[in-house]
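Spelled out, the chains give:
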Amino acid sequence: MKISEIFYSIQGEGRLTGVPSVFIRTFGCNLKCKWCDTIYEKWYSDWQDIPIDRIINSINKYPTKYVAITGGEPMLSEEIQELTCSLASLGKHITIETSGTIPPRGGLKCSLASISPKLSNSIPDNPELAKLHNQKRINIDYIREWIDKYEYQLKFVICDENDIIEIQNIISNIKRKIPPEKILLMPEGIVNNNKQGNYIVEFCKKHGYSYCNRLHIDLFGNKRGT
Ligand code: SF4
């Protein structure tokens, strides 16, 4: 399996914030988010092909049952199903962090689908990349499939106040009763930005959404392996 890194830290985002977790970062992404380009290319362009039994061995040495499979886009990996089945057989709690642009294939084990649909604020400036990115960034049918099959949270990166209208359109197109607290609003940026946080807090109070901080950024800064 193509792996960029495996590390032990605390979960920095979402409902498991603060929970010690092993992170498995798979290699590769099908999107090109504007605010991710540099970091992804710089940090995660190297990878190793690691067999699943070795991945499991390295995870087992850490004293937690929580495993987060992240990326890139972990659903690109052909071995994702096998990996999640092995983890589930060991009683692990499995979070899959995905953009929701690839459907969950049969047999996939997932305790928490952390789905992060990408708003138009993610479109890169380069017109060719923008076209490719835009074709894939939202797939309502696939998002619906994820939330019908698994426990979930829907996480949106916010750049400005207009993003809330786009989020509400996406939520209404999903056509499911989504408890508002499962919708997480996270300020964009590699530093926590309290000024931007203020209007996001007001949106959360108004609509019942959850504010999503990045605890790992507060604790460690924007560093690989945290
Ligand atoms: S989906 Fe995630 S990893 Fe992929 S480009 Fe966007 S922010 Fe980066």
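Located above this text is the structure these notes cover.
Values in this document were obtained by computation on a predicted structure and should not be read as measured data.

1. Considerations on the site of the ligand
Part 1 of the argument: The ligand sits among 8 residues. The nearest are C29, L31, C33, C36 and G72.
Part 2 of the argument: A breakdown of the residues in the shell around the ligand according to their chemical character gives 6 nonpolar, 1 polar and 1 charged.

2. Concerning the packing of aromatic side chains
Part 1 of the argument: Following the criterion strictly, the structure yields 5 aromatic pairs and no others.
Part 2 of the argument: Both rings, one in Y8 and one in Y62, keep their centres 4.8 Å apart while their planes meet at 25 degrees; by these two values the pair is stacked. Here Y62 lies in the loop between α2 (52-60) and β4 (66-70) and Y8 lies in strand β1 (residues 2-10), a separation of 54 residues in the sequence.
Part 3 of the argument: One Lys or Arg, K2, reaches over the ring of W47 and ends 4.7 Å from the middle of that ring.

3. A closer look at the packing of α2 against helix α3 (residues 80-89)
Two numbers describe a pair of packed helices, the interaxial angle and the distance between the axes.
Part 1 of the argument: The N-to-C vectors of α2 and α3 enclose an angle of 40 degrees; their axes lie 10 Å apart at closest approach. Here α2 is positioned oblique relative to α3, judged by the angle of their axes. Two packed elements cross with a definite hand, and for α2 against α3 that hand is right-handed. Between α2 and α3, the contacting residues are I52, I55, I56 and I59 on the first element and E82, L83, S86 and L87 on the second.
Part 2 of the argument: Here the contact of α2 with α3 is composed, by residue class, of 6 nonpolar, 1 polar and 1 charged.

4. A few points about α3
The α-helix winds at 3.6 residues per turn, so residues separated by three or four positions along the chain end up facing the same way.
Part 1 of the argument: Here α3 has its buried residues at I80, L83, T84 and L87. End-on view of α3: buried residues confined to an arc of 95 degrees, all on one side of the axis.
Part 2 of the argument: Downstream of α3 by a residue or two, G91 has a phi angle that is positive, lying close to 80 degrees.

How each quantity is defined
- Residues numbered from 1 in each chain as written.
- Predicted model: local features only at pLDDT ≥ 70, side-chain atom pairs only at ≥ 80, totals over all residues.
- Heavy atoms only, no water.
- Near = heavy atom within 4 Å.
- Nonpolar A, V, L, I, M, F, W, Y, C, P; charged D, E, K, R; others polar.
- Phe/Tyr/Trp six-rings, centres within 6.5 Å; stacked < 30°, edge-to-face > 60°.
- Helix = DSSP H or I, 4+ residues; strand = E, 2+ residues; numbered from the N terminus.
- Lys NZ or Arg CZ within 6 Å of the ring centre and 35° of its normal.
- Axes fitted to C-alpha atoms, helices over the stretch in contact; angles between N-to-C directions.
- Parallel < 35°, antiparallel > 145°, perpendicular 65-115°, else oblique.
- Left-handed = near helix turned anticlockwise from the far one by under 90°.
- Contact = heavy atoms within 4.5 Å.
- Buried < 20%, exposed > 50% of the residue type's maximum accessible area, 1.4 Å probe, protein only.
- Arc of directions from axis to C-beta.

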